[in-house]
Amino acid sequence: MTKTHNHVRELTVTAMLAAIATLLMFMDFSLPMLIPSFVQMDISELPALLASFSLGPVYGVAVCLLKNLFNLIFHSSTGGIGELCNFLLGAFFVGTSGVIYRFHKMRKGAVAACLIGAVVMALVSVPVNYFLSYPVYAAMFGGIDSIIAAYQELRPGTDGLLECLLVFNMPFTFVKGLIDAVLCFLIYKPLSPILHGRH
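The rules behind each value
Residues numbered from 1 in each chain as written. Predicted model: local features only at pLDDT ≥ 70, side-chain atom pairs only at ≥ 80, totals over all residues. Heavy atoms only, no water. Axes fitted to C-alpha atoms, helices over the stretch in contact; angles between N-to-C directions. Helix = DSSP H or I, 4+ residues; strand = E, 2+ residues; numbered from the N terminus. Left-handed = near helix turned anticlockwise from the far one by under 90°. Nonpolar A, V, L, I, M, F, W, Y, C, P; charged D, E, K, R; others polar. Salt bridge = Lys/Arg side-chain N within 4 Å of Asp/Glu carboxyl O. Buried < 20%, exposed > 50% of the residue type's maximum accessible area, 1.4 Å probe, protein only. Contact = heavy atoms within 4.5 Å. Phe/Tyr/Trp six-rings, centres within 6.5 Å; stacked < 30°, edge-to-face > 60°. Core = buried A, V, L, I, M, F, W, Y, C linked by side-chain atoms within 4.5 Å.

This paragraph deals with the packing of helix α5 (residues 107-140) against helix α7 (residues 161-195). Running from amino to carboxyl end, α5 crosses α7 at an angle of 150°, the nearest separation of the two axes being 8 Å. In the packing of α5 onto α7, the handedness of the crossing is right-handed. Of the residues belonging to the contact of α5 with α7, the class tally is 21 nonpolar, five polar and one charged.

So this is what it looks like as structure tokens:
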């Protein structure tokens, strides 16, 4: 009975965090002074990171999947490719962080888990964008040259898509992961009783 109760609680917490992640994903915004405006900033991996730390990495990845499915249904403007890439990057981030934290459940372990997870997400963003998202965006929005031109407005010497991704997207993605991590550290302890069913 206890095992069933715990499973129901885990599913309930996962659904709750996925709903919050969906709302946060709707609240994305651009930072045109740092990166072209078609690259959006959001903190929707935060609930997934909370799930990964409190319930396990599988639940964190599930939150990433659910929020992208909801976004695909209600809010997508990218034909699904944006959601696919967002899921892949988020899953690498929270999955890596959750696996490391599972074996090092101390504050230092949590810090290391988030840093490594953010690095992995940033590195994975390059091939995901290069081979998946940007070819589709190029077909949808006027060709790869117009995409590169948007980066060249910020850094005139930028040459080629790979350089765009290495100079702009990879650091941007890493910082995005760090922001999620910092917010997670700020709110994890107050939310811990709810996440772990001790309220």
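The structure having been displayed, the exposition proceeds.
The full count for this structure, using the stated rule, is four salt bridges. A salt bridge links K67 to E45, with the shortest nitrogen-to-oxygen separation between them at 2.6 Å. Linking K67 in helix α3 (residues 57-74) with E45 in helix α2 (residues 45-54), this pair joins segments that are 22 residues apart in sequence. E45 carries the same exposure label as K67, and that label is buried. Measuring nitrogen to oxygen at the nearest pair gives 3.6 Å for the salt bridge that ties K176 to E45. Of this pair, K176 sits in helix α7 while E45 sits in helix α2; the two residues are 131 residues apart in sequence, bridging distant segments of the chain. We note that K176, like E45, is buried. Each of D42, E45, K67 and K176 takes part in one network of salt bridges that share partners.

Secondary-structure assignment places S76 in the loop between α3 and α4 (81-103). S76 gets classed as partly exposed once you look at its relative accessible area, which sits at 28%. Taking the C-alpha atoms as reference points, S76 and F26, separated by 50 residues in sequence, lie 9.5 Å from one another. Non-local contacts of S76, meaning those with residues more than four positions away in its chain, are made with N71 and E83.

What follows is about the packing of aromatic side chains. The tally for this structure, following the rule as stated, stands at eight aromatic pairs. Considering the side-chain rings of F53 and Y101, the 4.5 Å spacing of their centres and the 40° angle between planes classify their relative orientation as tilted. Taken together, the residues span a long stretch of sequence, with F53 in helix α2 and Y101 in helix α4 at a distance of 48 residues. Here F53 falls in the buried class, since its relative accessible area comes to 6%. These aromatic residues form a ring-pair network of at least three members: F38, Y134, Y137, F141, Y151 and F168.

The biggest cluster of nonpolar side chains holds 47 residues, and the ones touching the most others in it are F53, Y134 and Y151. Taken together, the elements giving at least two residues each to this core come down to α1 (2-26), α2, α3, α4, α5, α6 (144-152) and α7. A per-element tally of this core places α5 first, with eleven residues. Residues contacting F53, with those up to four places away along its chain left out, are S97, G98, Y101, A110, A113, C114, C184 and Y188.

What is shown is where atoms sit, not what they do.
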